[in-house]
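Fold and contact review
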Amino acid sequence: AQVMPEFGFNEADAHALTVFLASRVDHKVARAYEADNEGRAATLKRGRELVAYYNCQGCHSFDGREGAIRKYYIDDIDNAPPILEGEGMKVQPEWLFNFIMKPVRLRPWLSVRMPTFGLDEEEANAIVAYLASLDGYDRSSIVLDTSVA
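Description of the structure in this document.

**Remarks on helix α5 (residues 121-134)**
Its 14 residues give α5 an end-to-end C-alpha distance of 20 Å, which sits within 8% of 20 Å, the value for a rise of 1.5 Å per residue. Those residues of α5 that sit buried are Glu123, Ala124, Asn125, Ala126, Ile127, Val128, Ala129, Tyr130, Leu131, Ala132 and Ser133. N-cap assignment for α5: the residue whose side-chain oxygen lies 3.1 Å from the backbone N of Glu122 is Asp120. At the C-terminal side of α5, Gly136 shows a positive phi close to 80°.

Next comes the structure, spelled out in C-alpha cells:
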C-alpha cells in the first residue's frame, strides 16, 4: 500500500497549495461578467473605436463630448461643425452612409469641409449604426452597400 509522503509544509505553504489545487477546475465566467460582443454594446464599442481613430470629435459634438474646435467658433457658432447629437434618428441611414463614404459640401459658404477619410464599407456602416445606437435606435440589421446605389 502506498502512503502519502510527509512534505513538512508549514501552515502558509499548505494553505497556498490548497488554494492552488482548488483553482484547478474548469469554471466558466458568468455571462454577466463577459464582454458583450453582440448587440448595442458591440455597436457602440466599434463606433467609438472608429470615431476615436478618425478623430471625429476633433470637430463634431456627440456622445456627451464637445467637438474640440467648436470653442473657436464661439462668436460665429452658425459656421461651426455640426453637432451630431440625435443625427442617428434624424437622417436616413443610406444618405449618411453615402455622405461618410464621400462627403459633399453641405454649406457652400464655409471655407472648411469634412475631409474624405477613405473609409471602407464596414467602417461607414459601423459609424452609421453607432450614431443610431447613441440615440437608442437599433439599425444593426441594416447593411448599406455602395454597389447598389
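**Concerning the packing of helix α4 (residues 93-101) against α5**
Running from N to C, α4 and α5 point in directions that differ by 130°, and their axes come no closer than 9 Å. On the basis of the axis angle, α4 is oblique to α5. α5 is crossed by α4, and the crossing has right-handed handedness. On α5, the residues that touch Pro93, Leu96, Phe97, Ile100 and Met101 of α4 are Glu121, Ala124, Asn125, Ile127, Val128 and Leu131. Of the residues belonging to the contact of α4 with α5, the class tally is nine nonpolar, one polar and one charged.

**Considering the layout of surface pockets**
Where empty space is left becomes clear once a probe the size of a water molecule has been rolled over the atoms. Looking at the largest pocket, its volume works out to about 750 Å³. His60, Pro82, Leu84, Phe99 and Met114 are, among the 31 residues lining the largest pocket, the residues nearest its centre. Of all the secondary structure elements, the ones that give two or more residues to the lining of the largest pocket are α4 and α5. Broken down by element, the residue count for the lining of the largest pocket peaks at four residues, all from α4.

**A look at unusual backbone geometry**
For Asn55, which is not a glycine, the phi torsion comes out positive at approximately 55°. Secondary-structure assignment places Asn55 in the loop between α2 (39-53) and α3 (87-90). Asn55 sits in the exposed class, given a relative accessible area of 51%.

**Quick notes on the pattern of salt bridges**
Under the counting rule described, the total for this entry stands at six salt bridges. Where Glu49 meets Lys45, a salt bridge forms, and the shortest distance between an N and an O atom there is 3.3 Å. One end of the pair, Glu49, and the other, Lys45, are both in helix α2, four residues apart, so they sit about a helical turn from each other. Here Arg70 ties to Glu66 by a salt bridge, and the two come within 3.4 Å at their closest N and O atoms. Within the structure, one salt-bridge network assembled from shared partners comprises Lys45, Arg46, Glu49 and Glu122.

**Comments concerning α2**
Taking 1.5 Å of rise per residue, the 15 residues of α2 would be expected to cover 21 Å, and the 22 Å separating its terminal C-alpha atoms lies within 8% of that figure. Those residues of α2 lying buried are Thr43, Leu44, Gly47, Leu50 and Val51. Here the buried residues of α2 occupy an arc of 130° about the axis, which is enough to place them on one side. Relative to its buried face, α2 has exposed residues pointing more than 90 degrees away, namely Ala52 and Tyr53. For α2, the secondary structure elements touched by its buried residues are α5. Where α2 ends, the next residue or the one after it, Asn55, has phi of about 55°, a positive value.

Definitions and limits used
Residues numbered from 1 in each chain as written. Predicted model: local features only at pLDDT ≥ 70, side-chain atom pairs only at ≥ 80, totals over all residues. Heavy atoms only, no water. Helix = DSSP H or I, 4+ residues; strand = E, 2+ residues; numbered from the N terminus. Expected span 1.5 Å × (residues − 1). Buried < 20%, exposed > 50% of the residue type's maximum accessible area, 1.4 Å probe, protein only. Polar contact = N/O pair within 3.5 Å; in protein donor to acceptor, adjacent residues only side chain to side chain. Axes fitted to C-alpha atoms, helices over the stretch in contact; angles between N-to-C directions. Parallel < 35°, antiparallel > 145°, perpendicular 65-115°, else oblique. Left-handed = near helix turned anticlockwise from the far one by under 90°. Contact = heavy atoms within 4.5 Å. Nonpolar A, V, L, I, M, F, W, Y, C, P; charged D, E, K, R; others polar. 1 Å grid on protein atoms, 1.4 Å probe; cavity = no way out; pocket = protein on both sides within 12 Å on 5 of 7 lines; lining within 4 Å. Points joined across faces, edges and corners; volume = space filled by probe spheres on them. Salt bridge = Lys/Arg side-chain N within 4 Å of Asp/Glu carboxyl O. Arc of directions from axis to C-beta.

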